[in-house]
Amino acid sequence: MKKGLLIFFIALCTKSISQTKTTGNVVEYFGKEKITTTAEGTVLHNFITGYTLATDKRSGTLFNGQDAVAWQYAVGKFVNPNKQKGDWQPIKVDSVGVFSGKEMKSAFLFTEYKASKGQIVLLETTGGTRTYINGFPHEGDHYDFGYTLIPFKLHKGINEFVYTKGRFGRVKSKIIVPSKSIQFTKRDLTLPDVINGEKDEKWASIRVINATEKDLKNLVITAKLSSGEATTYTTDDIMPLFVRKVKFKVPAAKANYSGELTIELTLTDKSGKVIDKTKFPIQQRSATIHHERTFLSKVDNSVQYYSIAPALGTGQKALILSVHGASVEARNQARAYKQKDWAHIVAATNRRPFGFNWEDWGRIDALEVLAEAKKVFNTIPEQTYLTGHSMGGHGTWFLGTTYPDKFAAIAPCASYPDISTYGSDKGDEMHDIFKAYASIKRSANSGRVKSLVQNLKQSGVYILHGDADSTVPISQVREMRQILGTFHPNFCYYEYPGGEHWYGDHSVDWFPIFEFFKRQTIPANKQVKEIDFHTATPAVSATDYWLKLQQQIRPFDFSNINAKLDKQQITVKTENVSIMEIDLPSLDLKGEVTIIINDQTLKTTSDKKAILALKEGKWGFIDAINTTEKYAERQGGFKFAFNNNVVFVYATAGSASEREWYLNRARFDAETFLYKGNGSIDVIADTEFSLDKYKDRNVVLYGNASNNRAWKLLLENAPIQIDNQQIKVGDKVLKGNDLAAYFILPRKDSKTALVGVVAGTSEKGMKATWANNYISGITGFPDVMIFKADLLLNGLPNMKVSGFFDNNWSPKTLEFNL
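Anyway, here's the lowdown on the structure attached to this text. (Residues numbered from 1 in each chain as written. Predicted model: local features only at pLDDT ≥ 70, side-chain atom pairs only at ≥ 80, totals over all residues. Heavy atoms only, no water.)

## Re the pairing of strand β16 (residues 220–225)
Phase 1 of the analysis: The sheet contact formed by β16 and strand β17 (residues 230–234) spans five bridges and is antiparallel. Across the sheet, residue Ile 221 finds its bridge partner in β17, namely Tyr 233.
Phase 2 of the analysis: Counting the residues in the hairpin turn of β16 and β17 gives four residues, including Gly 228, whose phi is positive at 110 degrees.
Phase 3 of the analysis: Inspection of the sheet shows β16 paired to strand β19 (residues 259–268) by six bridges, in the antiparallel sense. Bridging from a neighbouring strand, Lys 224 pairs with Glu 264 of β19. (Pairing = 2+ DSSP bridges. Helix = DSSP H or I, 4+ residues; strand = E, 2+ residues; numbered from the N terminus.)

See below:
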């Protein structure tokens, strides 16, 4: 595997977990206790023998979609190693029951179990990235959290299990007979603190195991505190053979208290019949000390948490957003900071301790926490700041350059600017793989910090790095110091003498950072006389003070708007811009305004926003944005479908194998979003979907026009049509039973919602969609990817169509490799 393809992210350690040990560039997971016991049932079988198959750049699981075992399953060539050993090598567990050793660092693992009867059981795994159960993909446990449980049907006879390599080169696996077919599991709770004096109920979530083949609907969770208060909530539906993290409400406590309460949950059906009960501790705290809060994410309506080091004293305060390093819980991050008398310090989660590297859904989590904390604490808007350590240092660079008008100053600590150059420190090696596929490389441009760094000119920057850091090389920030020195008037740089990657809480809680922050404020729009705004896509970053990019000429290519305000005149230079807005009312101008854009002079009044559009080489004003076209609130690429309270809709028509596979494919993505992003997705059959019931929500369809009944409602006249024999892209036709596709289009009945599609032609095609890395940080996916099943073996040379729709959502600008 090429160095730099799998990038290991670094953790921030606090004093409370100083026992954490490091191995190379990986800091072990901490912040939650690892699950080491099984309370959900009895152990039917512990796997102790198996086979390994070494991976290389052709057979490993890479960012460009290769997975040799997935390919073998897709094309019907997988052979059980017990029948034909081939290159598979035997392996046994070690003395603690774990498959480990040098060969496990980069290998597939195969195990099997011969069942005397068929029954529904749970597979408990730790260590592998992905697990194939009898040929069907499921999410694994590559961060070794210890809470992956997969309900599945054990067949009478031989059952096959294949695990792809994980982060730490070890796998442990066992089969559990569940004690109840529907039950709570206390693994991976998301809980708020009960806050003294606050009367509102708080959101929380718990996993419920559905080890049945039926949908669970209208379940009710009653939560009762040991102090007597109770609340009831009708929770989320749960698809068959699935573990979903569902919502409930924690009641407010009447009495003030500091310490541990107990909360009891009761799960009932709609008739009131008790299904299960559980009990666990929950903290009650004062709002004046470090504590945790929760909110509902707009991504998937799931419960997420953030942690607070609240400001001392009363009155309106500043806000500092702190973003953590890899493997760090937000609660640990917040407790690395002593409380300040002038600012609340708020630690977001990135949705998980590893999460999404503060890109993709991690970026959204940071913005949601920022907005929530501003509302809850009523902070001073112009005194908002950003800092973070290690992966959070990257997050600080990324969020700071992406949202230049949201922060008065930023302070990256032990940081690296671009993920692509961190792993090898030798350039964008990962995306060099994609050099023949320009649109795929472009689709990750929003994470290229060094290409957007000019955005920081209006924000203060303080860089802190240990000069002995062996985890993130000092060269990373010395380069940034050199770049900033060419244009930036307001930055500080400090190398901590002898400082390793972590040298105590002052690795982040560094007094000079906060003194620097105090001197910075976000200016009002009317005070900003010059803007030099850079972005890769308005889908991620559209606004810089009084400028907004609505539409690009070339999607996901870098755009620049340079604008200067001089009295009643604004002079604008653009690159890769087709529609932009100027918020004239916010500038407090009077009367007529002259706009000189790319040497073309236009005049307008100052009492309304100026929307400028480029048409046939000439700029002119338009009255409103055409929302049927691409604009800031609705763009690609494909990964953007997994947002906006998304619902997964799987096919139920077609053959039995199609129905089973697309159901499992939707379940697999929901499992992955739960594991990687603490997610909770609504997954429904196509027969349940209606436009009104799921109005203005994003939809991901699993299946094609032949087998998904929701296709006609959402995509009847779409420019891409798929059935079991072919894929039509505009006027081009691709024939074959081994074609797979990911693409995204607008919902025609909505101004904002999107439709994503995961589909294939026939059995080989649908199984080819196993090349699943889209629920992942830093990987780029354009609007459209159509490929043959052999991509799983050979990689991108088997990509047939890729690229971006034009601004009218037509396919004429796609790249074809026919």
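## A few points about the sheet that holds strand β13 (residues 182–190)
Phase 1 of the analysis: One open sheet holds the three strands; their spatial order is β13-β15-β18, and the pairing between them is antiparallel. A single partner strand is all that each edge strand has here, and the edge strands are β13 and β18 (242–250). Each adjacent strand pair in this sheet contributes to an overall mean axis angle of 35 degrees, direction not counted.
Phase 2 of the analysis: With five bridges joining them, β13 and strand β15 (residues 202–210) adopt antiparallel strand pairing. Bridge pairing links Thr 190 to Ser 205 in β15. (Axes fitted to C-alpha atoms, helices over the stretch in contact; angles between N-to-C directions.)

## Details of the nonpolar core
General note: in soluble globular proteins, nonpolar side chains tend to be found buried as a group.
Phase 1 of the analysis: Ranked by internal contacts, the top residues of the largest apolar core, which has 163 residues, are Phe 248, Leu 321, Phe 642, Phe 648 and Tyr 702.
Phase 2 of the analysis: Phe 642 has contacts with Val 299, Trp 361, Phe 648, Asp 669, Phe 673, Val 700, Tyr 702, Tyr 774 and Ile 775, leaving out every residue within four places of it along the chain. (Core = buried A, V, L, I, M, F, W, Y, C linked by side-chain atoms within 4.5 Å. Buried < 20%, exposed > 50% of the residue type's maximum accessible area, 1.4 Å probe, protein only. Contact = heavy atoms within 4.5 Å.)

## Side note on the packing of aromatic side chains
Phase 1 of the analysis: Across all of its chains, the model carries 47 aromatic pairs by this definition.
Phase 2 of the analysis: Aromatic side chains Phe 514 and Phe 517 sit 6.1 Å apart centroid to centroid with 85 degrees between the ring planes, which places their arrangement in the edge-to-face category. Placement of both Phe 514 and Phe 517 in helix α10 (residues 511–518) is noted, with a separation of three residues, approximately one turn of the helix.
Phase 3 of the analysis: By relative accessible area, which is 4% here, Phe 514 ends up buried.
Phase 4 of the analysis: A relative accessible area of 0% means that Phe 517 is categorised as buried.
Phase 5 of the analysis: Seen in terms of ring centroids, Phe 638 and Tyr 742 are 5.3 Å apart; in terms of plane orientation they differ by 15 degrees. Their pairing is stacked. Of the two residues, Phe 638 is situated in the loop between β38 (618–621) and β39 (647–650) and Tyr 742 in strand β45 (residues 739–746); the sequence distance between them amounts to 104 residues. (Phe/Tyr/Trp six-rings, centres within 6.5 Å; stacked < 30°, edge-to-face > 60°.)

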